[in-house]
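Understanding the architecture of this molecule
Residues per chain are reported as follows:
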Amino acid sequence: MLPIETVTLEGGDSLSGNVFINGHPVCDDGWSDGAANVACRMLGFPQAQTFTDRSKFGLAEEEFIASELVCTGTEASLAECSWQWLSQGCQASEAAGVRCQGS
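Residues numbered from 1 in each chain as written. Predicted model: local features only at pLDDT ≥ 70, side-chain atom pairs only at ≥ 80, totals over all residues. Heavy atoms only, no water.

Inspection of every chain in the model, using the stated rule, returns three disulfides. Each sulfur in the disulfide pair cysteine 27 and cysteine 90 lies 2.1 Å from the other. Classification of the bridge connecting cysteine 27 and cysteine 90 rests on its S-S torsion, roughly 90 degrees, and on that basis the disulfide is right-handed. Of the two residues, cysteine 27 sits in the loop between β3 (24-25) and α1 (33-42) while cysteine 90 sits in the loop between β6 (82-85) and β7 (97-100), which places them 63 residues apart along the sequence. (Disulfide = S-S within 2.5 Å. Helix = DSSP H or I, 4+ residues; strand = E, 2+ residues; numbered from the N terminus.)

Our next topic: unusual backbone geometry. If you check the backbone angles, arginine 54 has positive phi at about 55 degrees while not being a glycine. With respect to the secondary-structure elements, arginine 54 resides in the loop between β4 (48-52) and β5 (66-70). For arginine 54, a relative accessible area of 66% translates into the label exposed. Of note in the backbone geometry, serine 55 takes a positive phi value of approximately 50 degrees without being a glycine. Within the secondary structure, serine 55 is located in the loop between β4 and β5. The class of serine 55 is buried, set by a relative accessible area of 7%. (Buried < 20%, exposed > 50% of the residue type's maximum accessible area, 1.4 Å probe, protein only.)

What follows concerns the environment of serine 16. Following the sequence through the fold, serine 16 ends up in strand β2 (residues 16-21). Accessibility expressed as a relative area gives 3% for serine 16, which makes it buried. Among all residues touching serine 16, those that are not within four sequence positions of it are Leu9, Phe57, Val98 and Arg99. In terms of polar contacts, serine 16 uses its side chain to reach the side chain of aspartate 13, at 2.9 Å. (Contact = heavy atoms within 4.5 Å. Polar contact = N/O pair within 3.5 Å; in protein donor to acceptor, adjacent residues only side chain to side chain.)

By size, the foremost hydrophobic cluster in this structure holds 23 residues, and its most contacted members are Ile21, Val26, Trp31, Leu69, Leu78 and Val98. If you list the elements that add at least two residues to this core, you get β2, α1, β5 and β7. In terms of residues, this core owes the most to one element, α1, which gives five residues. Cys27, Ala60, Phe64 and Cys90 belong to the second largest nonpolar core, which has five residues in total. (Core = buried A, V, L, I, M, F, W, Y, C linked by side-chain atoms within 4.5 Å.)

Moving on, we get to the side chain of glutamate 94. Here glutamate 94 shows up in the loop between β6 and β7. One buried charged residue, glutamate 94, forms no salt bridge at all, with the nearest opposite charge on arginine 54 at 8.1 Å. Of the polar contacts made by the side chain of glutamate 94, one reaches the backbone nitrogen of glutamine 91; its length is 2.7 Å. If near-sequence neighbours (up to four positions away) are discounted, glutamate 94 is found in contact with Val26, Cys27, Asp28, Asp29, Arg54, Ser55, Phe64 and Gly89. (Lys, Arg positive; Asp, Glu negative; His and termini not counted. Salt bridge = Lys/Arg side-chain N within 4 Å of Asp/Glu carboxyl O.)

Here is the structure:
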């Protein structure tokens, strides 16, 4: 299970940004609508308007926490999704992101 203390959005506004878990960006490899919906619900929004990739909200210059984060969209937390530790291979231009729907 992916250890999650905090999920935040960086580089966008209150409804959008690159997804960070515990202060580290998520790689966009495998990122999809399902994962975006789970992330938005964790942030208190009903669902995602869309998911983004390729560091839409700015380059991610920190160490990535996970890659291939795949969710069906029904999970209560990103921790319940399948994922891989990221040891290498994701670059600053590959951060996963979301645009959440407002409540």
